[in-house]
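Chain residues, written in single-letter form:
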Amino acid sequence: QVQLVESGGGLVQPGGSLRLSCAASGFTFSSAAMSWYRQAPGKERELVATIFSTAFSTNYADSVKGRFIISRDNAKNTIYLQMNSLKPEDTAVYYCNRRYAAFGSWGQGTQVTVSS
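Presented here is a report on the structure given in the accompanying data block.

Cut-off values and rules
Residues numbered from 1 in each chain as written. Predicted model: local features only at pLDDT ≥ 70, side-chain atom pairs only at ≥ 80, totals over all residues. Heavy atoms only, no water. Phe/Tyr/Trp six-rings, centres within 6.5 Å; stacked < 30°, edge-to-face > 60°. Helix = DSSP H or I, 4+ residues; strand = E, 2+ residues; numbered from the N terminus. Buried < 20%, exposed > 50% of the residue type's maximum accessible area, 1.4 Å probe, protein only. Salt bridge = Lys/Arg side-chain N within 4 Å of Asp/Glu carboxyl O.

Here we come to the packing of aromatic side chains. The final tally for this structure, using the stated rule, is five aromatic pairs. Taken together, a centroid distance of 4.8 Å and an interplanar angle of 55 degrees make the contact between Phe 27 and Phe 103 tilted. Here the residue Phe 27 occupies a position in the loop between strand E3 (18-25) and strand E4 (34-39), and Phe 103 occupies one in the loop between strand E9 (92-98) and strand E10 (110-114), the gap between them amounting to 76 residues. For the pair formed by Phe 27 and Phe 103, the shared burial category is buried. Centroid distance Tyr 37 to Trp 106: 5.0 Å. Interplanar angle 80 degrees. Geometry classified as edge-to-face. Taken together, the residues Tyr 37 in strand E4 and Trp 106 in the loop between E9 and E10 connect sequence positions 69 residues apart.

And the structure:
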C-alpha cells in the first residue's frame, strides 16, 4: 500500500531555513512526478513545487520561487524541500504526493511554523 511520510518541519524565525523530507513507498517512485503541497489554517491546499521523473525538471509556485529547492533521491524513494529565507506566510502543514493522479490518501504532513 502507498505510504507518504513527511518529516523535518519545525518552528523557525523569519529568514531561517528548514529541509523537509518525504519518504515514499508502495508505487514506482522513479517514474512519478512528485510534488510538495502546503495548507495554511483557513486556506485551501496549495501546490508548492514539483520535480519530474526523467530530467528532474522542476516547477515552483511564484510565492516560493528563488527561496525553495525541490530535489529527489530515487535510490531512497525520497523527495526533499529545502526552504530558505522563510517568511511567516510560509507557515502551513506541508504534504507530499504524486503530481499527476495524486493518491487519495494524504499523509499526516509536517508542520512548518515561521514566527519571530
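This part is about the pattern of salt bridges. Evaluated as defined, the whole model comprises four salt bridges. Between Glu 46 and Arg 38 there is a salt bridge whose closest N-O contact spans 2.9 Å. Owing to a relative accessible area of 30%, Glu 46 belongs among the partly exposed residues under this scheme. According to the relative accessible area criterion, Arg 38 is buried, its value standing at 6%. The partner of Asp 90 in a salt bridge is Arg 67, with the nearest N and O atoms 2.7 Å apart. Of this pair, Asp 90 sits in the loop between strand E8 (78-83) and E9 while Arg 67 sits in the loop between strand E6 (58-60) and strand E7 (68-73); the two residues are 23 residues apart in sequence, bridging distant segments of the chain. Here Asp 90 and Arg 67 have matching classes, each one buried. A cluster of three or more residues bridged by salt bridges with shared partners is formed by Arg 38, Glu 46, Arg 67 and Asp 90.

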